[in-house]
Amino acid sequence: MTDTDTRAHGRLTITATHRELLDQVLDKWSLDVLNELCERPLRFSGLRRAIPTVTQKSLTATLRRLERNGIVERVVLGTRPVAVEYRITPLGKTLRPPVDAILHWAAEHLPSIDAARDRYDEEMDGAR
């Protein structure tokens with residue numbers, strides 16, 4: 001195995017700010033929320049139906065983080081009673097290509113990753 005060649009792309013700089021942002025916009029529920037909102041705006045209850053495994057508390061926290069980072073916007077609708085709808089922002093839409101690239105990479109390499117996990121687990125089981 002050879003080392004990664006960093007000359008072509010340069011060294012990655014990952015700061016605490018980068019880590020915080022990536023943790024907030026690519027966490028467990030954010031990807032599901034973004035996937036749903038890329039298709040259409042939804043109310044909170046619509047998101048709960050679309051992502052049945054998320055709890056109300058987790059969905060609320062996820063939407064607040066995404067809104068704080070400018071990825072999702074909360075729109076108050078002038079209906080009676082007043083309703084709230086969540087929409088992906090233009091900034092949020094720019095996340096689609098890099099997320100699609102990561103998902104493509106994962107799909108392409110999942111067999112190798114599964115094999116590596118199996119080897120690791122077998123080695124760890126043998127070491128016990």
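Scroll up to find the structure.
Report follows, based on the coordinates. What you see as residue numbers is a count from 1 along each chain, following the sequence as written. Given that this is a predicted model, residues contribute local features only at a pLDDT of at least 70 and side-chain atom pairs are listed and counted only at 80 or more, while totals for whole chains, interfaces and linings are drawn from all residues. Processing note: side-chain calculations cover all non-hydrogen atoms of the structure and skip hydrogens and water entirely.

This part covers the overall build of the chain. The helix and strand tally for the chain stands at 6 helices and 3 strands. Here a helix means four or more residues in a row that DSSP labels H or I, a strand means two or more in a row labelled E, and each is numbered from the N terminus. Put simply, the chain runs from its N terminus to its C terminus through helices and strands in the order α-α-β-α-α-β-β-α-α. For the chain, the C-alpha radius of gyration of 19 Å lies well beyond 14 Å, the compact-globule estimate for 128 residues. Each principal axis of the C-alpha distribution contributes one length, and for the chain these read about 65 × 40 × 25 Å. With a 1.4 Å probe rolled over the protein chains alone, any residue whose accessible area is under 20% of its type maximum counts as buried; one over 50% counts as exposed, and the rest are partly exposed. Expressed as a percentage of the 128 residues in the chain, the buried residues total 23%. Whether two residues touch is decided by their heavy atoms; if any such pair falls within 4.5 Å, the residues are in contact. If you take every contact in the chain between residues at least 6 apart in sequence, the share linking residues at least 24 apart comes to 48%. Accessible areas in this description were obtained via Shrake-Rupley with a 1.4 Å probe; residue shielding takes into account the shown protein chains only. Element-wise, carbon and sulfur atoms account for 54% of the exposed surface of the chain, whose accessible area totals about 9,900 Å². The charge count treats Lys and Arg as positive and Asp and Glu as negative. His and the chain ends do not count. A charged residue contributes its charge at one atom only: NZ of Lys, CZ of Arg, CG of Asp or CD of Glu. In the chain, 20 side chains carry a positive charge and 19 a negative one; their mean positions are 11 Å apart. Computation of the radius of gyration draws on C-alpha atoms, with the globule rule given as 2.2 Å multiplied by the number of residues to the power 0.38.

Below, the discussion takes up the pairing of strand β2 (residues 72-77). For two strands to be treated as a pair, DSSP must find at least two bridges joining them. Pairing of β2 with strand β3 (residues 83-88), which is carried by 6 bridges, proceeds in the antiparallel orientation. Residue valine 75 lies in a different strand from β3, and its bridge partner there is glutamate 85. The antiparallel pairing of β2 with β3 creates a hairpin that spans 5 residues between the two strands.

Before going further, it helps to spend a moment on the environment of arginine 40. Tracing the backbone through its elements, the reader meets arginine 40 in the loop between α2 (30-39) and β1 (42-43). Relative accessible area serves as the criterion here: at 37%, arginine 40 is assigned to the partly exposed category.

What follows deals with the layout of surface pockets. The rule is simple: put a 1 Å grid over the protein atoms alone, call a set of points where a 1.4 Å probe fits but cannot get out a cavity, call an open set with protein on both sides within 12 Å along at least five of seven lines a pocket, and count a residue as lining if it has an atom within 4 Å of a point. Grid points are joined across faces, edges and corners, and a volume is the space filled by probe spheres set on the points. Approximately 180 Å³ is the volume attributed to the largest pocket. Residue lining of the largest pocket: Leu31, Asp32, Leu34, Asn35, Cys38, Ile88, Gly92, Leu95, Arg96, Val99, Asp100 and Leu103, and that is the complete set. Elements represented by at least two residues in the lining of the largest pocket include exactly α2 and α6 (96-127). Tallying contributions element by element places α2 first for the lining of the largest pocket, with 5 residues. Gly is put with the polar residues, along with every residue not named as nonpolar or charged; the nonpolar set is Ala, Val, Leu, Ile, Met, Phe, Trp, Tyr, Cys and Pro, and the charged set is Asp, Glu, Lys and Arg. Classifying every residue of the lining of the largest pocket gives 7 nonpolar, 2 polar and 3 charged.

Here, a salt bridge means any side-chain nitrogen of Lys or Arg that lies within 4 Å of a carboxyl oxygen of Asp or Glu. Summed over the entire model, instances satisfying the criterion amount to 5 salt bridges. In this structure, aspartate 100 engages arginine 96 in a salt bridge whose closest nitrogen and oxygen atoms are separated by 3.4 Å. One end of the pair is aspartate 100 and the other is arginine 96, both in helix α6 and 4 residues apart, which spans about a single turn. Notably, a salt bridge pairs aspartate 114 with arginine 117, separated by 3.9 Å at the nearest N-O pair. Here the residue aspartate 114 and the residue arginine 117 both occupy positions in helix α6, the gap between them amounting to 3 residues, near one helical turn.

The first and last C-alpha atoms of helix α4 (residues 56-68) sit 18 Å apart over 13 residues, in line with the 18 Å expected at 1.5 Å per residue. Within the span of α4, buried status applies to Leu59, Thr62, Leu63 and Leu66. Each buried residue of α4 lies within a common arc of 95° when the element is viewed along its axis, so the set occupies one face. Projecting away from the buried face of α4 at angles above 90 degrees are the exposed residues Lys57, Arg64 and Arg68. Downstream of α4 by one or two residues, glycine 70 has phi in the positive range, about 80°. Here, expected helix span is obtained from the residue count minus one, scaled by 1.5 Å. To be clear, the arc concerns the directions from the helix axis to the C-beta atoms.

In this section: the pairing of β3. Judged from the 2 bridges that link them, β1 and β3 form a sheet pairing that is antiparallel. Bridge assignment links leucine 42 to a residue of β3, and that residue is tyrosine 86.

Let's shift gears to a negative patch on the surface. Judged by side-chain charge, Asp118, Asp121, Glu122 and Glu123 come together as a negatively charged surface patch. Tracing the backbone shows aspartate 118 in helix α6. With relative accessibility at 45%, the residue aspartate 118 sits in the partly exposed group. Every patch collects residues that have over 30% relative accessible area and no salt bridge, joining them within 9 Å if they carry like charges and within 5 Å if they are nonpolar side chains (Val, Leu, Ile, Met, Phe, Trp, Tyr).

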